[in-house]
Amino acid sequence: MTALIGIDWGTTSFRAWRMGPGGEVLDTVGDGPGILSAAALPGGFAQALQDGIGGWLGTAPVIASGMITSRNGWVETPYLPLPLDASALAGSLTRHEGMHFVTGAVSDPDGPAPDVMRGEETEIIGHLAGGGGDGLFVLPGTHSKWAWARDGRLTAFRTVMTGEVFAALRDHTILGRLIRPGGSSDDAFRRGVEAGRQEGPLLGRIFRARTLALMDRLAPDHISDYLSGLLIGDEVAQGARDVTGPITIIGRGDLAARYRMAFDVLGMTADTAPPGMARRGLWDIARLGGLV
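The protein chain carries the name 2-dehydro-3-deoxygalactonokinase in an unreviewed UniProt entry, which gives Paracoccus fontiphilus as its organism.

This is the structure we're talking about:
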């Protein structure tokens, strides 16, 4: 019996789960189009949904989170101010086209440096609902999120554009002209992390990815890993400064592993959350919202 259909729908990714009465996974779809690709389809988001999980629709309530609720998504939902928890998100679900959409979060909306997230709040709620404790949460991605939770509530966060800046530097600046494709090098990445922790302007340190290669001190097929390490190393060194509590990485794949490696290089301990945090968060929000 299907009790809930949960969707994590991001800018470039689509993941969906068909869940049973206890939140157990009955079926999974993980290769659908992100919102940018879905919006370009003749039938838009509705067609993407039908193509991806059409066989599931009509069997249970559908709840979705992520950039699908952004200005570029299916329906734009308001941001909730901090602090917030699963109950606040459950009480602010937006119903549209027969689906329930989880809204995002905003930090310092009236201050000099407002920040926003969509989707990551659901993953953090999933970790807390699964028995995870408070502390600092790092969610790697194109726009990485550094979030703090206390007493089961999301209390603060900030966004770091490390992934997008890395891609721009690699593909659209002079740094990329020397890069040659090759196998991944953990040593080059660690070397970059060490450079990332150093003092001085970050933009000056970034240029070393070119000068070291020009001086034959960095192999062309290691430049990309070095540059990645430098940017992540700077992010981690700055973000984790003076942090004394637990640090948890919420993510999957090679990128989460690289962030954990960066913490190790910098002498800090970070745990990695088990997979399924978005799904767990969707289930808990749906439960509190009376959908299951």
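Moving on from the coordinates now.
J.: Looking at this model, I keep getting lost on the overall build of the protein chain. Mind explaining?
T.: Looking only at helices and strands, the protein chain features eleven helices and 14 strands. Summarising its shape, the C-alpha atoms of the protein chain cover approximately 60 × 45 × 35 Å along the three principal directions. By residue count, 49% of the 292 residues in the protein chain fall in the buried class. Carbon and sulfur atoms form 50% of the exposed surface of the protein chain, whose accessible area is close to 13500 Å².

J.: Looking at this structure, how should I read the layout of surface pockets?
T.: Empty space among the atoms becomes visible once a probe the size of a water molecule is rolled across them. Looking at the largest pocket, its volume works out to about 1000 Å³. If you go around the largest pocket, you meet 36 residues; those closest to its centre are Thr-11, Met-67, Glu-120, Thr-142 and His-143. Elements with a contribution of two residues or more to the lining of the largest pocket: α1 (35–39), β9 (115–117), α4 (120–129) and α10 (253–265). In terms of residue count, the dominant contributor to the lining of the largest pocket is α10 (four residues). A per-class count over the lining of the largest pocket returns eleven nonpolar, 14 polar and eleven charged.

J.: Just to check I follow, could you spell out the pattern of salt bridges for this structure?
T.: Should their charged atoms come close, side chains of opposite charge can pair. According to the stated counting rule, one finds eight salt bridges in the structure shown. The salt bridge involving Asp-187 is made with Arg-190; its shortest N-O contact spans 3.6 Å. In this pair, Asp-187 and Arg-190 both sit in helix α6 (residues 186–196), three residues apart, roughly one turn of the helix. Judged by its relative accessible area of 35%, Arg-190 is partly exposed. Note that Asp-284 and Arg-287 form a salt bridge whose closest N and O atoms lie 2.6 Å from each other. Taken as a pair, Asp-284 and Arg-287 lie in helix α11 (residues 277–288) at a separation of three residues, close to a single helical turn. Residue Asp-284 is classed as buried on the basis of its relative accessible area of 11%.

Reading guide: rules and limits
- Residues numbered from 1 in each chain as written.
- Predicted model: local features only at pLDDT ≥ 70, side-chain atom pairs only at ≥ 80, totals over all residues.
- Heavy atoms only, no water.
- Helix = DSSP H or I, 4+ residues; strand = E, 2+ residues; numbered from the N terminus.
- Buried < 20%, exposed > 50% of the residue type's maximum accessible area, 1.4 Å probe, protein only.
- Areas by Shrake-Rupley, 256 points an atom, 1.4 Å probe, with all protein chains shown as cover.
- 1 Å grid on protein atoms, 1.4 Å probe; cavity = no way out; pocket = protein on both sides within 12 Å on 5 of 7 lines; lining within 4 Å.
- Points joined across faces, edges and corners; volume = space filled by probe spheres on them.
- Nonpolar A, V, L, I, M, F, W, Y, C, P; charged D, E, K, R; others polar.
- Salt bridge = Lys/Arg side-chain N within 4 Å of Asp/Glu carboxyl O.

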